[in-house]
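Residue-level structural notes
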Amino acid sequence: MGRDARSFYLTTPIYYVNDAPHVGHAYTTVTADAIARYHRLAGFDTHFLTGTDEHGLKVQRAAEANGVTPQLWADQTVERFREAWRILDVSYDDFIRTTEPRHYHAVQELLRKVHENGHIRLDTYEGLYCVACEAYYSDAAAQGADCPIHGRPLEMVKEQNYFFALSRFQDQLLQWYESHPDFVQPQSKRNEALGFIRHGLEDFSISRTSLSWGVPIPWDAGHVTYVWFDALTNYITAAGYASDLAAFGRLWPVAHHMIGKDILRFHCVYWPAMLMAAGLEPPSKIYVHGYLLVGGEKMSKTKLNQISPADLVADLGVDAVRYYLLRGQPFGPDGDFSYEAIEERYNADLANGLGNLLSRVLTLVDRKCGGLAPGSGPGSRLANVAAQACADTMAGWESFQPSRALAATWDLVGATNAMLEDRQPWHLPPGEEIESVLGDALEALRVIAILVWPAMPAGAEQIWQRLALPGSPASAVLPRDAAWGSYPGGAKLARATPLFPRRTG
Ligand code: MSP
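The shown structure was predicted, so the numbers you read here are calculated from the model rather than taken from an experiment.

What follows deals with the site of the ligand. Ile14, Thr28, Asp53, Asp262 and Leu292 are the nearest of the 24 residues found near the ligand. The separation between an oxygen atom of the ligand and a polar side-chain atom of Thr28 is 2.6 Å. Relative to its unbound accessible surface of 670 Å², the ligand loses 95% to contact with the protein. Of all the secondary structure elements, the ones that give two or more residues to the shell around the ligand are β1 (7–16), α1 (23–41), α8 (228–232) and α9 (234–237). Here the shell around the ligand is composed, by residue class, of 13 nonpolar, nine polar and two charged.

Between helix α17 (residues 432–452) and helix α18 (residues 457–466), whose axes approach to 8 Å, the crossing angle comes to 155°. Considered as vectors, α17 and α18 are oriented roughly antiparallel to each other. Classified by chirality, the crossing of α18 by α17 is left-handed. Contacts between α17 and α18 involve Leu445, Arg446, Ala449, Ile450 and Val452 from the former and Ala460, Ile463 and Trp464 from the latter. Counted by class, the contact of α17 with α18 contains seven nonpolar, no polar and one charged residues.

Quick look at the packing of aromatic side chains now. For the structure shown, the criterion picks out 25 aromatic pairs. Relative to Phe266, the ring of Trp228 has its centre 3.9 Å away and its plane inclined at 5°; by these criteria the two rings are stacked. Separated by 38 residues along the polypeptide, Trp228 in helix α8 and Phe266 in helix α11 (residues 264–277) bring together distant segments of the chain. You can call Trp228 buried: its relative accessible area is 17%. We classify Phe266 as buried; its relative accessible area is 19%. Look at Phe248 and Trp252: their rings are 6.0 Å apart centre to centre, the planes differ by 5°, and that puts the pair in the stacked class. Taken individually, Phe248 and Trp252 each receive the classification buried, so the pair is uniform in this respect. Of the aromatic side chains, those joined through ring pairs into one cluster are Phe164, Phe169, Phe204, Trp228, Phe229, Phe266 and Tyr270. Here the basic side chain of Arg208 rests over the ring of Tyr226, its NZ or CZ set 3.9 Å away from the ring centre.

Time to look at unusual backbone geometry. The omega torsion across Gln185 and Pro186 is -5°, close enough to zero to call that bond cis. Considering the arrangement of structural elements, one finds Pro186 in the loop between β7 (184–185) and α7 (187–199). With an omega dihedral of 0°, the bond running from Leu478 to Pro479 counts as a cis peptide bond. As for its position among the elements, Pro479 is in the segment after α18. Here the phi dihedral of Ala242 falls at roughly 60°; this positive angle occurs in a residue that is not glycine. Mapped onto the secondary structure, Ala242 falls in the loop between α9 and α10 (245–251). Although it is not a glycine, Ala468 adopts a positive phi angle of roughly 60°. If you trace the backbone, Ala468 turns up in the segment after α18. Assessed through its relative accessible area of 35%, Ala468 is described here as partly exposed.

Here we come to the pattern of salt bridges. Inspection of the entire model under this criterion finds 24 salt bridges. Here Asp366 ties to Arg495 by a salt bridge, and the two come within 3.3 Å at their closest N and O atoms. In this pair, Asp366 is assigned in helix α14 (residues 339–368) and Arg495 in the segment after α18, connecting sequence segments 129 residues apart. Residue Arg495 is classed as partly exposed on the basis of its relative accessible area of 47%. Asp422 is the salt-bridge partner of Arg381, the closest N and O atoms lying 3.0 Å from each other. Taken together, the residues span a long stretch of sequence, with Arg381 in the loop between α14 and α15 (382–398) and Asp422 in helix α16 (residues 402–423) at a distance of 41 residues. Note on Arg381: relative accessible area 57%, which makes it exposed. Of the residues examined, Asp422 reaches a relative accessible area of 49% and is grouped as partly exposed.

Another aspect to go through is the pairing of strand β4 (residues 120–130). Note that β4 and strand β6 (residues 155–164) share 10 bridges and pair antiparallel. By the bridge assignment for β6, Glu126 is matched with Lys158. For β4 and strand β5 (residues 135–137), the ladder comprises three bridges, and the chain directions are antiparallel. In the sheet register, Cys130 faces β5, and the bridge partner there is Ala135.

This part takes up the pairing of strand β11 (residues 220–225). Judged from the two bridges that link them, strand β9 (residues 207–208) and β11 form a sheet pairing that is antiparallel. Bridged to Arg208 within β11 is Val224. Here strand β10 (residues 216–217) runs beside β11; their pairing, made up of two bridges, is antiparallel. Within the sheet, the bridge partner assigned to Pro216 lies in β11 and is Val224. Hairpin connection of β10 to β11: two residues between the antiparallel strands.

Basis of the calculations
Residues numbered from 1 in each chain as written. Predicted model: local features only at pLDDT ≥ 70, side-chain atom pairs only at ≥ 80, totals over all residues. Heavy atoms only, no water. Near = heavy atom within 4 Å. Polar contact = N/O pair within 3.5 Å; in protein donor to acceptor, adjacent residues only side chain to side chain. Areas by Shrake-Rupley, 256 points an atom, 1.4 Å probe, with all protein chains shown as cover. Helix = DSSP H or I, 4+ residues; strand = E, 2+ residues; numbered from the N terminus. Nonpolar A, V, L, I, M, F, W, Y, C, P; charged D, E, K, R; others polar. Axes fitted to C-alpha atoms, helices over the stretch in contact; angles between N-to-C directions. Parallel < 35°, antiparallel > 145°, perpendicular 65-115°, else oblique. Left-handed = near helix turned anticlockwise from the far one by under 90°. Contact = heavy atoms within 4.5 Å. Phe/Tyr/Trp six-rings, centres within 6.5 Å; stacked < 30°, edge-to-face > 60°. Buried < 20%, exposed > 50% of the residue type's maximum accessible area, 1.4 Å probe, protein only. Lys NZ or Arg CZ within 6 Å of the ring centre and 35° of its normal. Salt bridge = Lys/Arg side-chain N within 4 Å of Asp/Glu carboxyl O. Pairing = 2+ DSSP bridges.

Following this line, the structure appears as structure tokens:
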């Protein structure tokens, strides 16, 4: 997408509604949120989508076990996700649920189109099946040939299923990858996807007769769509496919998917082929990140190592959690999540870095300037640092590398603190010199408040208010409003409690 396209559509995976939100889900969603917020600041007409995946056997089972309908079960459990995103300041524009009528409509239209184009056929699916689960087990479970839930032997069962002719799309996919070298990022993940495609593709089953909780196949109501055909379609449902042509024309060409590496094959191989089969373009880009591990392992229900974002926020505050998720590890490789690492980051960058800068400047304005803010003057040494920090921060967000963006913003935090150490305003008498030092520091804080807003909207608002600036950093436009020299001065500023009090042990 060129910068002049001015529209930006960003999606997260839709999460299984049955699971409780954990820090792994929060990692994707907060990262996407910060990138969406950055695009709003940069003036893009931004549409940010998240949501929940609500069909399938697991949901059907959980509902039965709880004595409610699957719809009611989904209606109750979806709230956990909405609540987690509320607590984490996630600013989605749309929340899609696969049980919504708009989604049924889009899935059925897509199926119809792909069927019409001759890429769906009825065939026999043969697999190892557990009668108690009413489910097929492939790969891992099949190796032991016992059901992982019931421990009883799996049976070889045949069923009529509809199949999507993925194998026909190998050449088209390879051509797409070749002509769109940035389609999947980072490069290592692109290579992984290409590896799957080159290895050869098999048609995959897209329907079940043994399942009832899902979208019916439009021409054969005995079948419901199975898992991926249903789930992936959410991205076009929400963009207006088969309902709002104008919206679809605007949003779909600028669609950016953000996903974890566990669902790379579905997004980077199945999905573009499904779209091609319907005569649609693949999305613009797919960004694939690694896992956030706990003690070197993936978070999972069975290992009981899932950490709830709400608990973390209650303990550390929303800014500390968001900052850590974004700054703690580069986007792409796996990262290790630890409580110690959050605290270390918090103390170094937020308490000692940004928080300390704000506190010492406000204290000095109070003590040396009678609480009246000096304005910023031209020709500060910090002006160049601020311009560079702004350019690098923007480049970091634009390339989906939050940790780089934040490191660049912190160059300005560091340079401003270093400027204070150098000029020692606490030893200066009231007068012009101290006013120019503090005016520069206040201006740097104004720029920092704008630059950190995508990562820490609450903290950025706080800084803005403490600087007595009108409006909100949310309405700033980058890079225009980060240009040096517009802190007005003259306002009465108050000393305040530290924004990020240091945490001990
Ligand atoms: N419902 C499917 C996705 C359908 S998208 C059309 C699904 N849901 S999920 O609830 O299992 O969520 C998977 C996503 O959650 C991952 O792709 C990733 O974005 C995020 N994560 C879950 N655990 C994670 C970590 N431990 N670390 C990082 N991200 C993790 O799959």
